[in-house]
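The residues making up each chain are set out below.
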Amino acid sequence: MRQPAHGGNLAWAAALAGCPPDAILDFSASISPLGPPNSAIAAILSQLGNLKHYPDPNYSELRLALSHFHQLPPEWILPGNGSAELLTLIGRELAQLAATTLITPAFGDYYRTLAAYNANVLECPLSLVTGHWSLFIDKGQRTNDKGLLLNNPHNPTGKIFSRDSILPYLEQFALVVVDEAFMDFVPPNEEQSLIPVVQEYPNLVILRSLTKFYSLPGLRLGYAIAHPDCLAKWQRWRDPWPVNTLAAAAAIAALQDTEFQQQTWAWLPPARNQLFQGLAEIPGLQPQISAANFLLVESEESTSQLQHQLLKYHQILIRDCLSFKELGDRFFRVAVREESDNQRLLTALNSVLSGK
Ligand SMILES: Cc1ncc(COP(=O)(O)O)c(C=O)c1O
């Protein structure tokens, strides 16, 4: 079986570990361990009788729920079959520009969509300066005929860019796409979403996903926030019912589940801190500060070897970073899980790295 280029490939991990897939403790996919919310599951069950009807192609109820959630008119929001579907539409849009500046290391699906439409890609690497990732876009290059694609908080580094640091790019680039798949994890008083300014910038597209925060990767629900003319055009490009009835109902329930949202914001900071401190105490490992529900860790040892040993001896799966060519074999990424699972990972890492 081929090495996966995405987290969460349990069949591959189970084959290596010699155990059933559900025995693997998965730190490779950056999905909240608290979900899915019961409210979302109940909403799915309540809609089973409606499977005999087509969904509303305008997704009016879902758009209204999103419109309340983000305080935006519904026509500024387009739900999709995961943010991956919307990324495909974005790839087509970006390919019409002279080039797209892509901040790297980048989520692998950006390469897929840009390549699918033969977009011209200009990679712009983040630099790691004294343990902090920084973004420098060459001010000398012409940008008003180009797009910019970045993600915030950034996967895989966990770096959060302030809203103010992104705003100047909106004046420079023809189109700016900010993928905020992990922004929900940032508590409301600290978040740096560009949603509050989207109505001021017709060249801004924001992508959100219910996959990570609500732990619903199998449901496929994401949405784009952008100027209504752009979203209406994308609606004409795609099939009429990309979001199924169950996903639409679950999304409405999840967005209204303030208790689940509060629980998540209460869980993450102490659990992430516990994992960060534990990793920092292991000789040869250097975790990096993260605003998201995962940590990128620099390792003195080969991380593919570490990954194989954790699987073989502890049935634990971490995400190697081989698919991020800028990171290679000296970095791995782990999701933050509940404290007992985090402790299991720390104990296993200590044991593997000390050769015990
Ligand atoms: C940065 C980023 N954006 C988008 C996605 C895709 O999310 P979805 O499940 O909504 O397609 C992922 C999933 O790994 C991701 O890491």
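Rules used in this analysis
Residues numbered from 1 in each chain as written. Predicted model: local features only at pLDDT ≥ 70, side-chain atom pairs only at ≥ 80, totals over all residues. Heavy atoms only, no water. Axes fitted to C-alpha atoms, helices over the stretch in contact; angles between N-to-C directions. Helix = DSSP H or I, 4+ residues; strand = E, 2+ residues; numbered from the N terminus. Parallel < 35°, antiparallel > 145°, perpendicular 65-115°, else oblique. Contact = heavy atoms within 4.5 Å. Nonpolar A, V, L, I, M, F, W, Y, C, P; charged D, E, K, R; others polar. Buried < 20%, exposed > 50% of the residue type's maximum accessible area, 1.4 Å probe, protein only. Pairing = 2+ DSSP bridges. Right-handed = clockwise from strand over helix to strand, strands pointing away. Expected span 1.5 Å × (residues − 1).

Novice: Hey, could you go over the packing of helix α1 (residues 10-17) against helix α10 (residues 303-314) for me, with residue numbers and the actual values?
Specialist: At their nearest, the axes of α1 and α10 sit 8 Å apart, and the two run at 70° to each other. By the criterion of interaxial angle, the relationship of α1 to α10 is roughly perpendicular. Packed against α1, whose contacting residues are Trp12, Ala13, Leu16 and Ala17, the element α10 presents Gln307, His308 and Leu311 at the interface. Of the residues assigned to the contact of α1 with α10, the class counts are 5 nonpolar, 2 polar and no charged.

Novice: Requested: an account of unusual backbone geometry, with residues and values cited.
Specialist: Geometrically, the link from Gly35 to Pro36 is a cis peptide bond, its omega value of 0° lying close to zero. On the secondary structure map, Pro36 appears in the loop between β1 (25-26) and α2 (38-46). Cis peptide bonds are those with omega within 30 degrees of zero, and the linkage from Asn155 to Pro156 qualifies with 15°. For Asn118, which is not a glycine, the phi torsion comes out positive at approximately 55°. As for its position among the elements, Asn118 is in the loop between α5 (108-116) and β4 (121-125). With phi around 55°, Ser215 is a residue other than glycine that occupies positive phi space. The residue Ser215 is located in the loop between β9 (204-209) and β10 (222-225) in this model. Judged by its relative accessible area of 12%, Ser215 falls in the buried class.

Novice: Could you give me a rundown of the pairing of strand β8 (residues 175-179), with the residues and numbers involved?
Specialist: Within β8, 5 of the 5 residues are buried, which leaves the element mostly enclosed by the surrounding structure. Burial along β8 is two-sided: the face carrying Leu175, Val177 and Asp179 and the face carrying Val176 and Val178 are both buried. Of the pairings in the sheet, the one linking strand β7 (residues 146-151) to β8 comprises 5 bridges and is parallel in character. Following the sheet pairing, Leu150 is matched in β8 by Val178. Between the parallel pair β7 and β8, the chain is carried across by helix α6 (residues 163-172), and the sense of this crossover is right-handed. As paired strands, β8 and β9 are joined by 4 bridges and run parallel to one another. Directly across from Val178, in β9, lies its bridge partner Ile206.

Novice: So, helix α4 (residues 82-94): which residues are in play, and what are the values?
Specialist: For α4, spanning 13 residues, the distance from its first C-alpha to its last is 19 Å, which sits close to the expected 18 Å at 1.5 Å a residue. With 10 of 13 residues buried, α4 lies mostly within the body of the structure. Every buried residue of α4 is accounted for by Gly82, Ser83, Glu85, Leu86, Leu87, Leu89, Ile90, Gly91, Glu93 and Leu94.

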